Amino acid sequence: MLRVGSNVACLACRNLVSNNNMGIRFRVPLQKLHPLSRAIHHRYSANANPQRPPHRTAARHFTSMSRLPIRPPKPPPGSGGRGHQQQRNFWGLRLAARLLKLRYILLGSAVGGGYTAKKSYEEWKEFLPDFSEYNWVIPDFVWELSEQIDLEKLTKALPEIEEIAKLLPDMPDMSKIGENFAFLKSLLSTGVILGSEVKGAGLHLLLETPGEPPLKATEAAPVAAAAAAATTTESSDKQYKKSSDKEKIDQLQEDLVRTQMKYQRMLEKLEKENKELRKVVLQKDDKGIHQRKAKKSLIDLYSEVLDILSDFDTNYDTQDHLPRVVVVGDQSAGKTSVLEMIAQARIFPRGSGEMMTRSPVKVTLSEGPHHVAMFKDSGREFDLSKEEDLSALRREIELRMKKSVKEGQTVSPETISLSVKGPGIQRMVLVDLPGCISTVTAGMAADTKETIFSISKAYMQNPNAIILCIQDGSVDAERSIVTDLVSQMDPQGKRTIFVLTKVDLAEKNLASPNRIQQIVEGKLFPMKALGYFAVVTGKGSAGESIESIKDYEEEFFQNSRLLRDGMLKPHQVTTKNLSLAVSDCFWKMVRESVEQQADAFKASRFNLETEWKNNYPRLRELDRNELFEKAKNEILDEVISLSQVTPKHWEAILQKKLWERVSTHVIENIYLPAAQSMNSGTFNTTVDIKLKQWTDKQLPHKALEVAWETLQEEFARFMAEYKGKDQDDIFDKLKEAVKDESVKRHQWNERAMDSLRVIQHNALEDRSITDKPQWDAAIQFMEETLQSRLKDTESVIGDMVGPDWKQRWMGWTNRTSEQHVRNETKNELERLLKLNEDHTAYLANDEVTTVRKNLEGRGVDVDPVLIKDTWHQMYRRHFLQKALTHCNLCKRGFYYYQRHFVDSELECNDVVLFWRIQRMLLITANTLRQQLTNTEVRRLEKNVKEVLEDFGEDLEKKSHLITGRRVQLAEDLKKVREIQEKLEAFIEALHKEK
């Protein structure tokens, strides 16, 4: 018999006779409840905790959605005798039932309702994320209470279904209630309902009502006492054995797994359809169907700010503290694979155990109608749905990394910016860093390990950076390097998210799966983190697609005992959950810090503008690029000015410089040897031979060298003239570098040498002087040349012998011992030349001996080499003096030359030689001038343009050539203004999105 006492009433009177199959629900009026039951009801109806986690209400809502209240049917007419018999036999119980309304309170059916609710909850909970972190909402005493309830005693306290049926009016299908009641009673007797979850789920469903918070400790004591009293009730028998219970439990677990997989497939189907619909909507927006102005997305605005900050020189107090997701990990830990799963494309170069990430890669992820990727500084768009574009993108990333690494280094701090858009991609900015290494291997720079650590620290020391710490689950945890580094940069774990990769290999290889649980719970490493995730990023094949990896990951976790045994929680697995968590954390950090950063840059801008006004009040704020463009235009103007030089100026310069270059050879190697012969025919023959040799071997090369040097000098002269105008001295280094590089690149047209050789040879062969002006011009040219050479020779002799008597007396100077010896030698050689005015250019050995003995007789010891050296200068002066005398005589010799008086005493063959040289100089200068103005100046202008273009693309070169505080200040001011404007636009868009 059912005891109608407070114990059973308190436990059962809260609400429920419920059955999913019948849809029956009964409720007791509040005023007729047991006092303890009313206390429980008031406690739950207070709604004192508005912060109740939403998933509990949702779960209870799902468990009761099929139970609609139905009024019990009335007894048919004419059944009064049966009712009278019930009143006669059970008048005491009926009285108690009317007082306590026990006919609405079936404890067994209440437990059955709890089981049914549990089953419905298990079917629906796959739709919900895991909220185990909110367990703090439920006080600990509730769980302690569940531990105190003895299920065996509670089973014995349950009445039999026959006894309960007597308390109820006739109902259409009592057999189903009885079956459920008996089955639940047997389950309680075994002490297991779905494993160990009966205490949490069963008690939770019994003690809670939708919208009501859990009991406080003071209010739970009566409930615990009532439950303990209820366990003293004994039942008559047990209908099922433990073996049959076990079979039903196993069957129930299989049903739960099948239901979970069914709803998982339904969810994936809905997500896929949603993704396609979003893609269609985005495509419509992209085509302008809604006639809206094209605006940049929120994440694109934010990414632009970060791109500007990456180039900003933080020499001032303003620091870049804007959030990023910094991806760090040991080499080959799976960083790149995790990023590819988040980006939903295999976009990074891959290598087996080889360092592939050699510089930071900033990836901006955003949603778009098409799955595409694009570099910040390139207009090419890579279609990530095509394998050829994916391969091209990977090659481009690899080339950019190699280009960024300086010679002799292995890694580079230079950032490569890449944006990836696609349907369903979470919006965030990630920076993939080179993997940390413990040992420097062959082929690496010696400082590679320290460089990687310094790059990683530079990104992680940002107090708003989110650190995505990647750990390889397939290797021993003790081999990890990055966890210690992350612990140093974020010891409290306030901005770190830990990711364990290759969990499939870890489960297979580790003898104790509990070790994975320790890692994911943060108990194995000293490192703390905001969250812990476990992912699988493929089977290790480089050819796997993202879709196949997703399928493999989901299949693995569905079948993994890590989830089945509760070592991992559903929200901690798959890269999809990881990307959602990272994106949420990223945007939370952005909203908390972006306005503070905008204020910091605003203050920095004010400081820079104040410094500019005080130091450069009259100058425009031109940054380095603007200054380079200004200098570029000036240099090109100077090059163009070369084409405006007059032909007369070019020819005069070329003729003068060419004669300065070849005059010594003409005098020493052609004219002087030929003049040794007194015979006219021998003179001309010697001259012709030497001129031919000179033309074939040296003269064209010398002429081209002179032309190229003249072009350089004129170019430099024009650039120097522009310096004197209103030009800034900050361009000097740039102009000098452009000039040197252009000259280095310029190659004179070699084909011009052959034609020039022919022209010069023909000019030197012509001996015909047609008129007196040409003769006089030749005489003048010869006289000027000889006088210039004589002056140079006199200067050399004066340096050899020292000051003369006048300089010694008036200048108070004396000769050195060597000068004294040379002076005595000079005097002796002068006497020799006076005795033989037609002496040859060479001094014979016996003459050297004679001169030496004569000097020794005067007490001067002289070396033969010094005698010959002095003789060379003395004879040259003697020869030049004789040649000038002969030149004066030949001023009247044109008459004899024109009539070919061979037997005339006045032979002016040397005048003809100088005329031939002069004419060759004129013709060569004219030819070189034509080549300069028609070809070489244009080629030089082209080279200058190429050099300027190359310098314009080389940021490091520009930074080196255009320097100064004014340049740096203008550069920083422009960057800070741009950053502030971008931040303000981003903040405005962020507020609109809210």
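Treat the numbers as computed from the prediction; the structure is a model and nothing was measured.

**Thoughts on the overall build of the chain**
Part 1 of the reasoning: The helix and strand inventory of the chain stands at 38 helices and nine strands.
Part 2 of the reasoning: Out of the 994 residues belonging to the chain, those deemed buried represent 46%.
Part 3 of the reasoning: In the chain, the share of contacts with a sequence separation of at least 24, taken over all contacts with a separation of at least 6, comes to 81%.
Part 4 of the reasoning: Total accessible area on the chain is roughly 52000 Å²; 50% of this is exposed by carbon and sulfur atoms.

**Some details on the packing of helix α33 (residues 845-857) against helix α34 (residues 864-889)**
Part 1 of the reasoning: Interhelical geometry of α33 versus α34 gives an angle of 105° and a closest axis separation of 10 Å. By the angle class used here, α33 and α34 are roughly perpendicular. For the pair formed by α33 and α34, the contact residues are Asn845, Val848, Val851 and Arg852 on the first element and Pro864, Ile867 and Lys868 on the second.
Part 2 of the reasoning: Taken together, the residues of the contact of α33 with α34 sort by class into four nonpolar, one polar and two charged.

**Comments concerning the pairing of strand β1 (residues 325-329)**
Part 1 of the reasoning: Within β1, five of the five residues are buried, which leaves it mostly tucked inside the rest of the structure.
Part 2 of the reasoning: Burial of β1 is two-sided: the residues Val325, Val327 and Gly329 facing one way and the residues Val326 and Val328 facing the other way are all buried.
Part 3 of the reasoning: Pairing analysis gives five bridges linking β1 to strand β7 (residues 466-472), with the strands arranged parallel. Within β7, the position partnered with Val328 by the bridge is Cys469.

**So, the state of the cysteines**
Part 1 of the reasoning: Tallied over the full model, the rule gives one disulfide.
Part 2 of the reasoning: Through a disulfide, Cys890 is tied to Cys908; the S-S separation comes to 2.1 Å. Note on the Cys890 and Cys908 pair: the S-S dihedral is about -105°, so by sign convention the disulfide is left-handed. Note that Cys890 is positioned in the loop between α34 and α35 (894-898) and Cys908 in the loop between α35 and α36 (909-953), a separation of 18 residues in sequence.
Part 3 of the reasoning: Residue Cys908 is classed as buried on the basis of its relative accessible area, which comes to 8%.
Part 4 of the reasoning: Its sulfur unpaired, Cys436 is 8.9 Å from the next cysteine sulfur, which belongs to Cys469.
Part 5 of the reasoning: Residue classification places Cys436 among the buried residues on the basis of a relative accessible area of 2%.
Part 6 of the reasoning: Relative accessible area serves as the criterion here: at 0%, Cys469 is assigned to the buried category.

**Considering the packing of helix α23 (residues 575-615) against helix α38 (residues 965-993)**
Part 1 of the reasoning: Remark: α23 packs on α38, axes separated minimally by 8 Å, with the N-to-C direction vectors making an angle of 145°. The interaxial crossing formed by α23 with α38 has left-handed handedness.
Part 2 of the reasoning: Class assignment for the residues of the contact of α23 with α38 results in 16 nonpolar, four polar and eleven charged.

**Structural notes on helix α15 (residues 335-343)**
Two residues of an α-helix separated by three or four positions point the same way, owing to the 3.6 residues in each turn.
Part 1 of the reasoning: The buried count for α15 comes to nine of nine residues, which makes it a mostly enclosed element.
Part 2 of the reasoning: Those residues of α15 that fall on the buried side of the exposure criterion are Lys335, Thr336, Ser337, Val338, Leu339, Glu340, Met341, Ile342 and Ala343.

**Let's talk about the confidence of the model for the chain**
Part 1 of the reasoning: Chain-level statistics for the chain give a pLDDT mean of 74 and a share of 68% at 70 or above.
Part 2 of the reasoning: Every residue in residues 1-89 is under pLDDT 50, and counting partners more than four places away or in other chains gives 160 contacts.
Part 3 of the reasoning: In the predicted structure, residues 187-240 sits below a pLDDT of 50 and forms 128 contacts with residues beyond four places in sequence or in another chain.

**Digging into unusual backbone geometry**
Part 1 of the reasoning: Notably, Ser332 is not glycine yet its phi reads approximately 65°, a positive angle.
Part 2 of the reasoning: For Ser332, the position within the fold is in the loop between β1 and α15.
Part 3 of the reasoning: Here Lys502, not a glycine, exhibits a phi torsion of approximately 55°, which is positive.

**Quick notes on the side chain of His878**
Part 1 of the reasoning: Here His878 shows up in helix α34.
Part 2 of the reasoning: Judged by its relative accessible area of 14%, His878 falls in the buried class.
Part 3 of the reasoning: A distance of 2.8 Å separates a polar atom in the side chain of His878 from the backbone oxygen of Glu837.
Part 4 of the reasoning: Residues within four places of His878 in sequence aside, it is in contact with Leu833 and Glu837.

**Quick word on the sheet that holds strand β6 (residues 428-432)**
Part 1 of the reasoning: A sheet is described by the order of its strands in space; here nine strands give the open sequence β4-β3-β5-β2-β6-β1-β7-β8-β9, paired in mixed fashion. The open sheet has two free edges, formed respectively by β4 (382-383) and β9 (531-534), since each of these has just one partner strand.
Part 2 of the reasoning: When β1 meets β6, the two strands line up parallel, connected through three bridges. The residue of β6 that forms the bridge with Val325 is Leu430.
Part 3 of the reasoning: Set on the sheet, helix α18 (residues 482-489) makes contact with β1, β7 and β8 (496-501); between it and β7 the angle comes to about 160°.

**Thoughts on the pattern of salt bridges**
Part 1 of the reasoning: Overall, the coordinates contain 46 salt bridges when judged by the stated rule.
Part 2 of the reasoning: The salt bridge partner of Arg745 is Glu741, with a shortest N-O separation of 3.0 Å. Taken as a pair, Arg745 and Glu741 lie in helix α28 (residues 732-745) at a separation of four residues, close to a single helical turn.
Part 3 of the reasoning: By relative accessible area, which is 31% here, Arg745 ends up partly exposed.
Part 4 of the reasoning: Salt-bridge contacts for Glu830 lead to Arg877; the nearest nitrogen and oxygen are separated by 2.7 Å. Of this pair, Glu830 sits in helix α32 (residues 817-835) while Arg877 sits in helix α34; the two residues are 47 residues apart in sequence, bridging distant segments of the chain.
Part 5 of the reasoning: By relative accessible area, which is 25% here, Glu830 ends up partly exposed.
Part 6 of the reasoning: It is possible to trace a salt-bridge network through shared partners that takes in Arg605, Glu609, Glu621 and Arg977.

Definitions and limits used
- Residues numbered from 1 in each chain as written.
- Predicted model: local features only at pLDDT ≥ 70, side-chain atom pairs only at ≥ 80, totals over all residues.
- Heavy atoms only, no water.
- Helix = DSSP H or I, 4+ residues; strand = E, 2+ residues; numbered from the N terminus.
- Buried < 20%, exposed > 50% of the residue type's maximum accessible area, 1.4 Å probe, protein only.
- Contact = heavy atoms within 4.5 Å.
- Areas by Shrake-Rupley, 256 points an atom, 1.4 Å probe, with all protein chains shown as cover.
- Axes fitted to C-alpha atoms, helices over the stretch in contact; angles between N-to-C directions.
- Parallel < 35°, antiparallel > 145°, perpendicular 65-115°, else oblique.
- Nonpolar A, V, L, I, M, F, W, Y, C, P; charged D, E, K, R; others polar.
- Pairing = 2+ DSSP bridges.
- Disulfide = S-S within 2.5 Å.
- Left-handed = near helix turned anticlockwise from the far one by under 90°.
- pLDDT = per-residue confidence, 0-100.
- Polar contact = N/O pair within 3.5 Å; in protein donor to acceptor, adjacent residues only side chain to side chain.
- Salt bridge = Lys/Arg side-chain N within 4 Å of Asp/Glu carboxyl O.

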